[in-house]
Amino acid sequence: KTTAIHMGGSVWGGGGINGFVKTWRATSNGLEAAASQHCDACLCLDEMGQVEAKEAGEVAYMLANGAGKSRARRDGSGRPPAQWRLLFLSTGELSLADKMNEVGKKARAGQEVRLADVPADAEMGLGIFENLHGFETADIFARHLRDATGRFYGMAARAFLEQVTTLDPNDLRDAISEARKQFIDEYVPAGAEGQVLSVAGRFALIAAAGELATNFGITGWSDGDAGSAASVCFEAWLDRRGGAGAAEIKDGIAQIRKFLEAHGMARFEPMNTDDQNTYQRTINRAGFRHKNNAGNWEYMVLPETYRTELCKGLDTRAINRGLREQGLLIPDTHDGKTASRHRLPGMGTKRVYHIAAAIMGDSNV
């Protein structure tokens, strides 16, 4: 991973302790300064594991949003925040979500969209590489590349800028817009959420720039190579993400499933005694359960428990909408409301959230 980020950085500048590639081992203020210095270029940050876990998520927002903190002058008046415009690369043994979990924080979908997590494995048995180009091992090839990036750097970006600035800005904008549209039409699944389109747009921009550099004679690649490489990375991100739907819905379903896996038998009282061989006392009841015609458990979750425990930290309305669209939350058969009415043992008729057995997949037996 470090070799890869030095290769990317070498397009713009050199290596070494004061070189183009920076490290995550800095405060948020230090990274803000680094972002300002790399405005209109690429910011390369090595090893996310070195950043303070409590700051990781906010730094991801800051870098992607292009603005630093608002600060006051000595006289109390506002100082304009630092601003920048860039794409940034990051490496690390941990994902952003893993890093934030170290201090008990949960990564928001917006943070993970801003820092797209692409696995550093080409699945060819060669680590990050697809081809060793005649070298005996991946390690020898990596060492060769690190040596090359330490001796040859900075020329590709200069050559690219010299040529791109000779083009008509309107023609260039239209060409890039068309290239991005083609990339999204080809690689983004129909009906994808805005989060997916946002990430796809960045990969599409990289693909367009790479193809333009190839046309300028800078890369030495064949036509289509840059677009193909960008598409492989985008599809790897999409596969790791788990699909083109909203990440909040996916995470919400996983959170509810985890709760039911942990507490399905202990905190959900059977609807009738035929659902179990012997009576079981239910402590801290979260709701009720009964078996459907297929012999799988369905859950009737009491409203307050549903909102404060199963959907803790989530947008309950959005989760309800996502669950209903996937057939995992069964609405009321009479009025169609999300919370359905059921006659519950000892409670009479009450509205609950009726979760379908399908939410448990193959484990609901």
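Basis of the calculations
- Per chain, residue numbering runs from 1 following the sequence as it is written.
- Local features in this predicted model are restricted to residues of pLDDT 70 or higher, and side-chain atom pairs are both shown and tallied only at a pLDDT of 80 or more, whereas totals for entire chains, interfaces and linings draw on every residue.
- Each side-chain value is derived from all of the structure's non-hydrogen atoms; neither hydrogens nor water enter the calculation.
- Under this scheme, a helix contributes an axis fitted over its contacting stretch, all axes are lines through C-alpha atoms, and angles between N-to-C directions fall in the 0 to 180 degree range.
- Counting from the N terminus, the helices are the DSSP runs of H or I reaching at least four residues and the strands are the DSSP runs of E reaching at least two.
- In this scheme, roughly parallel covers angles under 35 degrees and roughly antiparallel covers those over 145, while 65 to 115 is roughly perpendicular and the rest are oblique.
- Here is the rule for handedness: rotate from the far helix to the near one, and if that takes an anticlockwise turn smaller than a right angle the crossing is left-handed, while a clockwise turn gives right-handed.
- Contacts between residues were defined by any pair of non-hydrogen atoms, one from each residue, lying within 4.5 Å.
- In the scheme used here, Gly and all other residues not listed as nonpolar or charged are polar, with Ala, Val, Leu, Ile, Met, Phe, Trp, Tyr, Cys and Pro taken as nonpolar and Asp, Glu, Lys and Arg as charged.
- The working definition used for a salt bridge is a side-chain nitrogen of Lys or Arg within 4 Å of a carboxyl oxygen of Asp or Glu.
- Two strands qualify as a pair provided DSSP detects at least 2 bridges between them.
- The classification of residues rests on relative accessible area computed with a 1.4 Å probe and restricted to protein chains. Under 20% of the type maximum is buried, over 50% is exposed, and intermediate values are partly exposed.
- Pairing of aromatic rings covers Phe, Tyr and Trp, the last through its six-membered ring, and needs centres within 6.5 Å; plane angles under 30 degrees mean stacked, over 60 mean edge-to-face, and all others mean tilted.
- Counted as over-ring charges are cases with an Arg CZ or a Lys NZ within 6 Å of the ring centre that also lie within 35 degrees of the ring normal.

The next point concerns the packing of helix H2 (residues 28–37) against helix H3 (residues 53–65). Their axes nearest at 11 Å, the elements H2 and H3 cross at an angle of 20°. When the axis of H2 is compared with that of H3, the two are roughly parallel. In the packing of H2 onto H3, the handedness of the crossing is right-handed. Contacts between H2 and H3 involve Ser28, Leu31, Glu32 and Ala35 from the first element and Glu55, Val59, Met62 and Leu63 from the second. When its residues are assigned to classes, the contact of H2 with H3 shows five nonpolar, one polar and two charged.

Bringing the pattern of salt bridges into the picture now. Enumeration over the complete set of coordinates arrives at 16 salt bridges. Among the salt bridges present, the one from Lys1 reaches Glu93, with a minimum N-O distance of 3.2 Å. Of this pair, Lys1 sits in the segment before helix H1 (2–10) while Glu93 sits in the loop between strand E5 (87–90) and helix H4 (96–101), and the two are 92 residues apart along the sequence. The partner of Asp147 in a salt bridge is Arg151, and the shortest N-O contact between them spans 3.0 Å. Here Asp147 and its partner Arg151 are both found in helix H6 (residues 138–151), four residues apart, which amounts to about one turn of the helix. What you see here is one network of salt bridges that share partners, running through Asp332, Asp335, Arg341 and Arg351.

Here we have three strands laid out as an open sheet, ordered E1-E2-E5, and parallel in their pairing. At either end of the open sheet lies a strand with only one pairing partner, and these are strand E1 (22–23) and E5. Strand direction decides the pairing type here: E1 and strand E2 (residues 42–46), joined by two bridges, are parallel. The residue bridging Thr23 from the neighbouring strand is Asp46, located in E2.

Turning to the side chain of Thr3, a few remarks are in order. Here Thr3 shows up in helix H1. When its relative accessible area of 13% is taken as the criterion, Thr3 is described as buried.

Moving on, we get to the packing of aromatic side chains. Evaluated as defined, the whole model comprises 10 aromatic pairs. Here Phe160 and Phe216 contribute two aromatic rings whose centre-to-centre distance is 5.8 Å and whose plane-to-plane angle is 55°, an arrangement assigned as tilted. With Phe160 in helix H7 (residues 155–164) and Phe216 in the loop between helix H9 (194–215) and helix H10 (225–241), this residue pair connects regions lying 56 residues apart in the sequence. Here Phe216 falls in the buried class, since its relative accessible area comes to 17%. Taking 4.9 Å as the distance between ring centres and 50° as the angle between the ring planes, the aromatic pair formed by Phe183 and Tyr187 counts as tilted. In this pair, Phe183 and Tyr187 both sit in helix H8 (residues 169–187), four residues apart, roughly one turn of the helix. Put simply, the rings of Phe183, Tyr187, Phe203, Phe234 and Trp237 touch in pairs and so form one group of aromatic residues. One Lys or Arg, Arg289, reaches over the ring of Trp297 and ends 4.5 Å from the middle of that ring.

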